[in-house]
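# An overview of the molecular structure
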Amino acid sequence: MPATYSAPLRLAYDQYAVKSDRQMFETIIRVLEPPGLDQLENPRLLFLLPATPELSHRSGDGLDEVLRLGLHDRHGLIAVAPTFSDWPWMTDLPDRQMFQQVLYFVEDVVGFIDQQYPDLPRLLLGYSKGGSASLQLLLRHPELFRAAAAFDSPVMKEQPDEWEMPYYWPNPEHFRDFAIPHLLRTRGERLGPDPRIALFGYANFGAHPPQWSEDHLAAGHELMEQLGIPHLYSNDTRREHRWDSGWLPAAVDALDRMSR
């Protein structure tokens, strides 16, 4: 059954309720347009990928921060913030209908937004697991997305052995198709000669990580250097592991530059 969408609830942004067979219960999509959208020469879609289930403000809110800082207006971006009914690791389990997170995002979220704003370049942005999801989606679907930026994300995971990951990938072999190091090695050349990835740190996964983690950002940067994958990299400023800790303007600026 195709996803169904409610009429928008109009706040500072439009909010749509979504019923999809690929999620356990109703989700939402929030859309923030820049002023004077009809007059913009180069509008683009900015998808803000969450790090938590449902609509949570425990670590700030990406769309609220874009609105507060006026980033959508400054860069001519239509900001789109979807929610997921469970932890958004961006998995697709072939035998679990409610864990079709990639299909939900690509078909039910991006497909819906494309109907409202056709033929616009698509950008991906997130932190933590949302940042890993951004890179994963770009590498798996380089024809759909123009560029991706990640802040403080575990981008070098090669096994689903921490946090909630074993629940989302009960078969470690299945994770191989989602692991960013594997995707960089096997698909990175498809991104072409211009930078389409930006990595920003750090809090939990960058320079001087906690004892339980490692410097995923430096390792990801080094791997892309070895593979000759052009990218942007900044991992020298410590910030909180949140949407509103000050990293978002630089990340959006990088996406703006990579998509012009």
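Preceding this paragraph is the structure being described.
No experiment lies behind these values; they were computed from the predicted model shown.

## Section: the layout of surface pockets
Approximately 200 Å³ is the volume attributed to the largest pocket. If you go around the largest pocket, you meet 16 residues; those closest to its centre are A51, S128, K129, W163 and H241. The residue makeup of the lining of the largest pocket, split by class, is 8 nonpolar, 5 polar and 3 charged.

## What to know about the pattern of salt bridges
In the structure shown here, the tally under the stated rule is 12 salt bridges. With a closest N to O distance of 2.7 Å, K157 and E162 form a salt bridge. By relative accessible area, which is 10% here, K157 ends up buried. We note a salt bridge from D244 to R242, for which the minimum N-O separation is 2.7 Å. The class for R242 is partly exposed, based on a relative accessible area of 23%. Via salt bridges that share partners, R22, E107 and D108 belong to a single interconnected network.

## Quick word on the environment of S245
Assignment of secondary structure puts S245 in the loop between β10 (232-234) and α9 (248-258). In sequence terms S245 and E164 are 81 residues apart; their C-alpha atoms lie 24 Å from each other. Reaching out from S245, the side chain makes a polar contact with the backbone oxygen of E240 at a distance of 2.7 Å. For S245, the side chain forms a polar contact with the main-chain oxygen of R242, separated by 3.3 Å.

## Side note on the pairing of strand β3 (residues 14-19)
Among the 6 residues of β3, 5 are classified as buried, and the element is accordingly described as predominantly covered. Summarising the sheet, β3 and strand β4 (residues 27-32) pair through 5 bridges and their orientation is antiparallel. Bridge pairing in β4 places A17 opposite I28.

## Side note on helix α7 (residues 180-187)
Among all positions in α7, only I180, P181, H182, L183 and L184 are buried. Contacts from the buried residues of α7 go to α4 (129-140), β9 (197-200) and α8 (216-227).

## Concerning the packing of aromatic side chains
By the definition in use, this model includes 15 aromatic pairs. Geometrically, the ring pair formed by W89 and W163 is stacked, given 6.2 Å between the ring centres and 15° between the ring planes. Pair noted here: W89 is in the loop between β6 (77-82) and α3 (101-116) and W163 is in the loop between β8 (147-151) and α5 (165-168), with a separation of 74 residues, a long-range link. Three or more aromatic residues link up through ring pairs in this structure, and these residues are W89, W163, W169, F175, F178 and F205. One residue, R30, lies across the ring of Y13, its end atom 5.4 Å from the ring centre. Positioned above the aromatic ring of W89, the side-chain terminus of K129 is 5.0 Å from the ring centre.

## Things to note about α4
Here α4 contains 12 residues, and its C-alpha end-to-end distance of 16 Å stays within 8% of the 16 Å for a straight helix at 1.5 Å per residue. Among the 12 residues that make up α4, 11 are buried, leaving the element largely enclosed by the rest of the structure. Buried residues of α4: K129, G130, G131, S132, A133, S134, L135, Q136, L137, L138 and L139, and no others.

## Some remarks on the nonpolar core
Grouped burial of nonpolar side chains is what soluble globular proteins tend to show. Membership of the largest hydrophobic core comes to 54 residues, with the highest contact counts inside it found for F47, F105, I113, L124 and L137. Counting residues per element, this core draws most heavily on α3, which supplies 8 residues. Every residue in contact with L124, bar those within four places of it in the chain, is listed here: F47, L49, F105, S134, L137, L138, F145, A147, A148, A149 and L255. Core analysis: the second largest hydrophobic core is formed by 28 residues, V66, L71, W243 and V252 among them.

## Remarks on the packing of α4 against α7
In contact at an axis separation of 10 Å, α4 and α7 are set at 25° when each is read in the N-to-C sense. It follows from the interaxial angle that α4 and α7 lie roughly parallel. Handedness of the α4/α7 crossing: left-handed. Residues S132, L135, Q136, L139 and R140 of α4 lie in contact with α7, whose contacting residues are I180, L183, L184 and R187. In terms of residue class, the contact of α4 with α7 is made up of 5 nonpolar, 2 polar and 2 charged.

## Thoughts on the packing of α7 against α8
Relative placement of two packed helices is described by the angle separating their axes and the distance separating the axes. Packing of α7 against α8 leaves a shortest axis separation of 10 Å and a crossing angle of 15°. What the angle tells us is that α7 and α8 run roughly parallel. Note that α7 runs across α8; the crossing there is right-handed. Contact with α7, carried on its side by P181, L184 and R185, involves L223, M224 and L227 of α8 and no other residues of that element. Of the residues in the contact of α7 with α8, the class split is 5 nonpolar, no polar and 1 charged.

Here is what the cut-offs are and how they apply
- Residues numbered from 1 in each chain as written.
- Predicted model: local features only at pLDDT ≥ 70, side-chain atom pairs only at ≥ 80, totals over all residues.
- Heavy atoms only, no water.
- 1 Å grid on protein atoms, 1.4 Å probe; cavity = no way out; pocket = protein on both sides within 12 Å on 5 of 7 lines; lining within 4 Å.
- Points joined across faces, edges and corners; volume = space filled by probe spheres on them.
- Nonpolar A, V, L, I, M, F, W, Y, C, P; charged D, E, K, R; others polar.
- Salt bridge = Lys/Arg side-chain N within 4 Å of Asp/Glu carboxyl O.
- Buried < 20%, exposed > 50% of the residue type's maximum accessible area, 1.4 Å probe, protein only.
- Helix = DSSP H or I, 4+ residues; strand = E, 2+ residues; numbered from the N terminus.
- Polar contact = N/O pair within 3.5 Å; in protein donor to acceptor, adjacent residues only side chain to side chain.
- Pairing = 2+ DSSP bridges.
- Contact = heavy atoms within 4.5 Å.
- Phe/Tyr/Trp six-rings, centres within 6.5 Å; stacked < 30°, edge-to-face > 60°.
- Lys NZ or Arg CZ within 6 Å of the ring centre and 35° of its normal.
- Expected span 1.5 Å × (residues − 1).
- Core = buried A, V, L, I, M, F, W, Y, C linked by side-chain atoms within 4.5 Å.
- Axes fitted to C-alpha atoms, helices over the stretch in contact; angles between N-to-C directions.
- Parallel < 35°, antiparallel > 145°, perpendicular 65-115°, else oblique.
- Left-handed = near helix turned anticlockwise from the far one by under 90°.

These results come straight from atomic positions and should not be treated as a statement about function.
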